[in-house]
Amino acid sequence: MNTHSPNIRPTIRQLDEAAVNRIAAGEVVERPASAVKELVENALDAGARRVTVEIADGGKTLIRVIDDGCGMTAEDLPLALARHATSKIDGTDLLDIHSFGFRGEALPSLGAVGRLVLQSRAAGHDAVEIAVSGGQAGAVRPCALSAGTVVTLRDLFFATPARLKFLRTDRAETQAVGEVVRRLAMAEPAVGFVLRDVSGGDARVTFRADPETGDLFDALRGRLARVMGAEFTENAIAVDAEREGLRLTGFAALPTYSRGSATAQHLFVNGRPVRDKLLIGALRGAYADFLSRDRHPAVALFLDCEPARVDVNVHPAKSEVRFREAGVVRGLIVSALRHALAEAGHRASSTVAGAALGAMRPEPTFQTGMAPRVYQMDRPGPAARGASYAAQAPMPAQPGFAEMPAAYSGRVDEAPAPQPETGALPLGAARGQVHENYIIAQTEDGIVIVDQHAAHERLVYEKLKAQMAERGVAAQALLIPEVVDLSADDRDRLLEHAETLARMGLGIEPFGEGAVAVQETPALLGNVDARALVHDILDELSEMGGTQLVQERIEAILSRVACHGSIRSGRRMRPEEMNALLREMEATPHSGQCNHGRPTYVSLKLSDIERLFGRT
C-alpha cells in the first residue's frame, strides 16, 4: 500500500470542500437506501405526520421525500447545505441527543454526489428552493409549495461514477429502500408512510402505512401487523419491562414461530433502528432454551433510556450503539423475554395448525371447470349427537380398536375412565392414542393432537431446571487444579465474573499475575477441558459483555437427560396418564414447544375440519 519513494517526503495538503463532502458521502451514503434513510429521518425530526417517498430505478435516478413537517425559511436553506450545520444540537453535549440526526452531514454529502433540489416552506413564510449539483449550490429562489419540505435527489453518484459500479440491480436496491422505510415506519406508528415506485413513468405504491391510533401497544400492534404481517402479531406476546431506568417494550414471537434467518429481528434504541451485537447476543441468549442454533426468533423490541446512557456516535450510519451499562441492558432483555415467554404457558404458534391444514387436500375434481362440491348439512344438537354416539357404539362382544391388527396402531379403551368436561380445559380431554405416539384430545371447539414424547420431554426438562435453580449446580472439585495462562486483561475480565461462574459450578481463583486456577467444574458436564472452556467464556465476554456459555452447556445436558427420561414413542398410555400429561402441559411454561423449538401439539378447530369435508 505504501507507494511513495522513501527518498521523497510526502506533503500534507488541505483537501478542498468538494473532496471533503465526497469523502463524507462515502461514509454516510453507501447506497440509495442510505440516502432515503437520512432524508426520512430528517423529515421525522422536523415533526412530520405524513412522509411520502418516491424512487425510480431503485433510487439511482430519482429519490424524492415529501413531508408535512415544520419546514425551513430562506435563511435556513443555505445553512442546511453547509457541513456540520444543524438545528438538532448546540454542540455542548454530544451525548444528549434526542433526534435521529445531529451531525449535519446528510444534505451536503448528498449534494456533493448527486443533483439535489431542496424546497421548503415554514409557517408564516414564503416557499423557497435551492439547487445543488456536484457540490455547487445555486441561489435561493421562490417556489410553489403549500407546507413542509420536498427533497429531490437525481442521478445519485453522478459526480463519483466509480461508486455506481458497486451498486446492485434496480430490484435489489428497491428492496433495500423498502426495508429502510418499513423499519422507520415501525419506530413511528403515529406517522403515515407511503413508498411509491415511479420507474418508467408509472406510479406504483409498494408500501403504505396509515397513522395508527390508540395507546402504545395498540398502535404498535397495528403498525407491526402492517409491516411484519398479521401472522406475527397473532403469534407474538407483548413485552413491557423496566430495570434501573431502562425500559424494554415491543412484541416477541413464540418460539414455534421461528425463522431460518435473522431478517425478522428488529431492534430499536430510543426509536433508532440498530443492528447491535450486544442486543442480538442478548436476544439469542433469551431464546437459547427454546430454539436450536439454526432457528432465529422474530421480534420487534424497543429499548428506551436516557440519551447519556448510550453513545450513538460510534458508527457513520448510526446503525451501531455503545451502552454505558452493557450488563444491565443484556440482563433486562434476557429476563424480560424469558418472563414474557413463561407467561405464554403452553401456547404454540397458530401457523402450526395452518401448516397441518395446508398439508391436507380435498378430493380432486375430475371434471374440468367444475367447482368442488359443497355439502350443506345442519349441525346436530347435543341430544341428537348423543343418540347417534350410542347407536354407533360397538357391542360388548365386538372387537374394538385395541383388538385391531398392530399395523393400524390406534385404540380407545374399552372401559374409559370418567372424562373431564372439555370446556374449561385448553388442551381438552384425551379420547384416544394412535401409533402409540400421538394423543388425540377433544376440546370445546376442535381437537388437539399431542406428540407424547416431545411434550413429556419438555415437562421433564422444565422440572430438572427448576430443581437445579432450587438446589444449585453441583460442582466437582478437581484433584489437581488446572492452571490457565492468560493476559492480564483477560485474567481481570474473567475474575470480574467469578461469582456468576461459581453459581454455575465453575470455580476459578487468581493464580499469579497472568493466570487463573480452575478449582471446580460443573458435575453435570463430566470430564471438561477446562482450558478450552475458559477461553470460550473469554471470547463470549469480549463479544457480548456477559457469558451464558456454562449455563447453556449445563442446560444442553439437562435437555439430553430429559430426552432419555421422558415417555418413549411406542408406549401405550392409559386414559388417566394421557389426561395427566395434558393437565401438566397446561400448567407448565414453554410446554408448547419441545427443547428444539418444534411444536408439541397441533390444535385444529372444528370449523376447519368441517371445511376439509365440505360441510360449510
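Report follows, based on the coordinates. (Residues numbered from 1 in each chain as written. Predicted model: local features only at pLDDT ≥ 70, side-chain atom pairs only at ≥ 80, totals over all residues. Heavy atoms only, no water.)

**Let's talk about the packing of helix 6 (residues 170-187) against helix 7 (residues 216-227)**
- For the pair helix 6 and helix 7, interaxial distance at closest approach is 9 Å and the crossing angle is 165°. The angle between helix 6 and helix 7 places the two elements in the roughly antiparallel class. Taken as a pair, helix 6 and helix 7 cross one another with a handedness that is left-handed. On the side of helix 6, the interface is formed by Arg182, Ala185 and Met186, while helix 7 contributes Leu220, Arg223, Leu224 and Val227.
- Here the contact of helix 6 with helix 7 is built from residues that sort into five nonpolar, no polar and two charged. (Axes fitted to C-alpha atoms, helices over the stretch in contact; angles between N-to-C directions. Helix = DSSP H or I, 4+ residues; strand = E, 2+ residues; numbered from the N terminus. Parallel < 35°, antiparallel > 145°, perpendicular 65-115°, else oblique. Left-handed = near helix turned anticlockwise from the far one by under 90°. Contact = heavy atoms within 4.5 Å. Nonpolar A, V, L, I, M, F, W, Y, C, P; charged D, E, K, R; others polar.)

**Focus: the nonpolar core**
- If you look at the biggest cluster of nonpolar residues, it comprises 59 residues, and the most contacted ones within it are Val40, Val51, Val53, Phe193 and Phe232.
- Beyond its immediate chain neighbours, meaning those up to four positions away, Phe232 contacts Leu224, Phe251, Ala253, Tyr257, Ala298, Val299 and Ala300.
- Counting 35 residues, the second-largest nonpolar core is a separate cluster that includes Val274, Val299, Leu301 and Cys305. (Core = buried A, V, L, I, M, F, W, Y, C linked by side-chain atoms within 4.5 Å. Buried < 20%, exposed > 50% of the residue type's maximum accessible area, 1.4 Å probe, protein only.)

**Looking at the packing of aromatic side chains**
- Counted according to the given criterion, the structure contains three aromatic pairs.
- Pairing Phe217 with Phe251 gives two aromatic rings, centres 5.8 Å apart and planes at 80°, and the pair type is edge-to-face. Within this pair, whereas Phe217 is found in helix 7, its partner Phe251 is found in strand 11 (residues 246-253), the two being separated by 34 residues in sequence.
- Looking at Phe251, the relative accessible area reads 0%, which means it is buried.
- Ring geometry for Phe232 against Tyr257: centres 6.4 Å apart, planes inclined by 55°, an arrangement best described as tilted. Here Phe232, found in helix 8 (residues 230-234), pairs with Tyr257, found in the loop between strand 11 and strand 12 (265-269); they are 25 residues apart in sequence, far enough to count as distant.
- For the cation-ring pair, Arg115 lies above Phe158, with the distance from its terminal atom to the ring centre recorded as 3.8 Å. (Phe/Tyr/Trp six-rings, centres within 6.5 Å; stacked < 30°, edge-to-face > 60°. Lys NZ or Arg CZ within 6 Å of the ring centre and 35° of its normal.)

**Let's talk about helix 10 (residues 326-343)**
- An ideal rise of 1.5 Å per residue puts 26 Å on 18 residues; helix 10 measures up with 26 Å between its terminal C-alpha atoms.
- Buried within helix 10 are the following residues: Val328, Val329, Arg330, Leu332, Ile333, Val334, Ala336, Leu337, Ala340 and Leu341. (Expected span 1.5 Å × (residues − 1).)

**Remarks on the pattern of salt bridges**
- The final tally for this structure, using the stated rule, is 23 salt bridges.
- Salt-bridge contacts for Lys37 lead to Glu38; the nearest nitrogen and oxygen are separated by 3.9 Å. An identical accessibility class is assigned to Lys37 and Glu38; each is buried.
- We note a salt bridge from Arg141 to Glu129, for which the minimum N-O separation is 2.7 Å. Pair noted here: Arg141 is in strand 6 (residues 141-142) and Glu129 is in strand 4 (residues 128-133), with a separation of 12 residues, a long-range link.
- Each member of the salt-bridge network shares a partner with another, and the members are Arg571, Arg574, Glu576 and Glu577. (Salt bridge = Lys/Arg side-chain N within 4 Å of Asp/Glu carboxyl O.)

**Details of the pairing of strand 18 (residues 429-434)**
- Where strand 18 and strand 19 (residues 438-443) come together, five bridges link them in antiparallel fashion. Paired with Ala429 across the bridge in strand 19 is Gln442.
- In this antiparallel pair of consecutive strands, strand 18 and strand 19, the connection spans three residues, and His435 shows a positive phi of 55°. (Pairing = 2+ DSSP bridges.)

**Some thoughts on the packing of helix 2 (residues 32-45) against helix 6**
- Taken N-terminus to C-terminus, the directions of helix 2 and helix 6 make an angle of 25°; their axes are 8 Å apart at the nearest point. Here helix 6 runs roughly parallel to helix 2, going by the angle between their axes. In the packing of helix 2 onto helix 6, the handedness of the crossing is right-handed. Contact with helix 2, carried on its side by Pro32, Ala33, Val36, Lys37, Val40 and Glu41, involves Glu173, Ala176, Val177, Val180, Val181 and Leu184 of helix 6 and no other residues of that element.

**Quick look at the sheet that holds strand 11**
- Strand order in the open sheet made by the five strands is 10-11-14-12-13, with mixed pairing throughout. The open sheet has two edge strands with one neighbour each: strand 10 (236-243) and strand 13 (272-274). Between one strand axis and the next, the sheet turns by 20° as a mean value, whatever way the strands run.
- The pairing of strand 12 with strand 14 (residues 299-304) spans five bridges and is parallel. Opposite Val269, over in strand 14, you have Leu303 as the bridge partner.

Any link to function would need more than the numbers given here.
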